[in-house]
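# Coordinate inspection notes
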Amino acid sequence: MKHLLSERDLNRAQFDYLVERARTLKKWFREKREYKPLKGKVLGMIFEKASTRTRLSFEVAMIQMGGNAIYMNSRDTQMGRGESIADTARVMSRYLDAIMIRTFAQEIIEEFARHATIPVINGLTDLLHPCQVLSDVFTIVEKKGSYEKLKLAFIGDGNNVANSWLNVATILPIHVRIACPQGYEPDQEIFRRAQREAIEGIVLCRDPKEAVQDVDVIYTDVWTSMGKEEEYEKRIQVFQSYQVNSKLLTYASRDVMIMHCLPAHRGEEITSDVLDGRHSVVLDQAENRLHMQKAILEMLLTEDNL
Ligand code: CP
Ligand code: NVA
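Anyway, here's the lowdown on the structure attached to this text. Throughout this description, residue numbers start from 1 for each chain and increase along the sequence as written. Chains and ligands are labelled sequentially in the order written, the chains with letters from A and the ligands with numbers from 1. A pLDDT threshold of at least 70 governs which residues receive local features in this predicted model, and a stricter bar of 80 or more applies before side-chain atom pairs are shown or counted, although totals over entire chains, interfaces and linings include all residues. The side-chain values count all of the structure's non-hydrogen atoms but skip hydrogen atoms and water molecules.

With that settled, consider the packing of aromatic side chains. When the centres of two rings from Phe, Tyr and Trp lie within 6.5 Å, Trp using its six-membered ring, the rings pair. Their planes under 30 degrees apart give stacked, over 60 give edge-to-face, and anything left gives tilted. Inspection of the entire model under this criterion finds seven aromatic pairs. Aromatic side chains Tyr184 and Phe239 sit 5.0 Å apart centroid to centroid with 65 degrees between the ring planes, which places their arrangement in the edge-to-face category. One end of the pair, Tyr184, is in the loop between strand 6 (174–179) and helix 7 (188–197); the other, Phe239, is in the loop between helix 9 (232–238) and helix 10 (246–249), and 55 residues separate them in sequence. Pairwise contacts between aromatic rings join Tyr184, Trp223, Phe239 and Tyr242 into one cluster. Should the NZ of a Lys or the CZ of an Arg lie within 6 Å of a ring centre and within 35 degrees of the ring normal, that charge is described as sitting over the ring. Across from the ring centre of Trp28, 3.9 Å away, lies the NZ or CZ of Arg33, which sits over that ring. Against the face of Tyr251 rests Lys209, its NZ or CZ located 6.0 Å from the ring centre. Strands here mean DSSP runs of E at least two residues long; helices mean DSSP runs of H or I at least four residues long; both are numbered from the N terminus.

Below is the structure:
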């Protein structure tokens, strides 16, 4: 793997490797064992959107593994004044060992990667959030023992995280059901490909009650993703019946696991009692971002990677 732009840059063996590696790195972290394979390496991080978890987990991962990370707000770089993506990628490749980018269009990171001579990592685009679902698969394996034949219902907006889960369904035997309002479906191309290639199938439905039946995991995310803020009022209306609340949970199995990539908008896509309740694993999900970022960075930045 040269870059991590999409889940589909990974095959199943690499997915499994990263999950196992994250588990080992988490164990070493708990044991306070020093492990610094990235001594002298520098990760650049370009953010065109806000972030708490992605920024911190990448930065802490680099520091704990002996390297450094540099945060760049794209507005403060020459990119924000019109320097081309190609030139920026070529120049940054002369200073840095890898670059993580959080931006709007997926095409931006794809173009960046075409011109960079260092690994490029997708830290979220409007289309995908691969680092998130990779660490979520790790959380699922940690909690449930395996992802084999797992059923996951994604309730709400057919956004970047939903698209990423559809991609995961084409690589791992995880059945994905999406329940979203009309007009808020996942990306059409990703959806069609998942229809053809998903190992355990995918389903799109309108009724969240139907979607959560017999699933192992209920996953939700904000109704208004970054960049869509001007649609906020409309979305609040459209998504009303897609809230993950205790009533919806009565239609799910008793041991269903609740996941959310965070940040959550309490009282919108999920109620506080569910987010903080016994089914929720959201804080472990957030922590696991750190361990998975380490596994990803190690894979991309050390020579003996897969
Ligand atoms: N889940 C996630 O990517 O969070 P941040 O937006 O805080 O990075
Ligand atoms: N779908 C959300 C995820 C945030 C981590 C967004 O794009 O804003």
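Around ligand 2 sit Leu124, Asn159, Asn160, Asp221, Val222, Ser225, Met226 and Leu262, and that is every residue in its neighbourhood. One of the side-chain nitrogen or oxygen atoms of Asp221 is found 2.6 Å away from a nitrogen atom of ligand 2. Here the term cavity refers to a set of points on a 1 Å grid, laid over the protein atoms alone, in which a 1.4 Å probe fits but cannot get out; the term pocket refers to an open set having protein on both sides within 12 Å along at least five of seven lines, with lining residues being those that place an atom within 4 Å of a point. Throughout, a molecule is located in a cavity or pocket provided that more than half of its atoms lie within 2 Å of its grid points. The site holding ligand 2 turns out to be the largest pocket. Classification used: nonpolar for Ala, Val, Leu, Ile, Met, Phe, Trp, Tyr, Cys and Pro, charged for Asp, Glu, Lys and Arg, polar for all others including Gly. When its residues are assigned to classes, the shell around ligand 2 shows four nonpolar, three polar and one charged. Proximity is defined per residue: any heavy atom of the residue falling within 4 Å of a molecule or strand makes that residue near it. Counting of polar contacts relies on pairs of N or O atoms within 3.5 Å, with two restrictions inside protein: one atom must be capable of donating a hydrogen and the other of accepting it, and residues adjacent in sequence are counted only when both atoms are side-chain atoms.

Quick look at the sheet that holds strand 3 (residues 98–102) now. Strand order across the open sheet formed by four strands is 2-1-3-4, with parallel pairing between neighbours. A strand with exactly one partner marks an edge of an open sheet, and here the two such strands are strand 2 (68–73) and strand 4 (120–122). Pairs of neighbouring strands in the sheet enclose a mean axial angle of 20 degrees, with direction left out of account. Here strand 1 (residues 42–47) runs beside strand 3; their pairing, made up of five bridges, is parallel. Residue Ile46 lies in a different strand from strand 3, and its bridge partner there is Ile101. Residue contacts are defined here by distance: any two heavy atoms, one from each residue, within 4.5 Å place the two residues in contact. Interaxial angles span 0 to 180 degrees and are taken between N-to-C directions of axes, which are lines fitted to C-alpha atoms, for helices over the stretch in contact. Contacts between helix 2 (residues 53–64) and the sheet are confined to strand 1, strand 2, strand 3 and strand 4, with strand 1 contributing the most and set at about 170 degrees to the helix. If DSSP finds at least two bridges between two strands, the strands pair.

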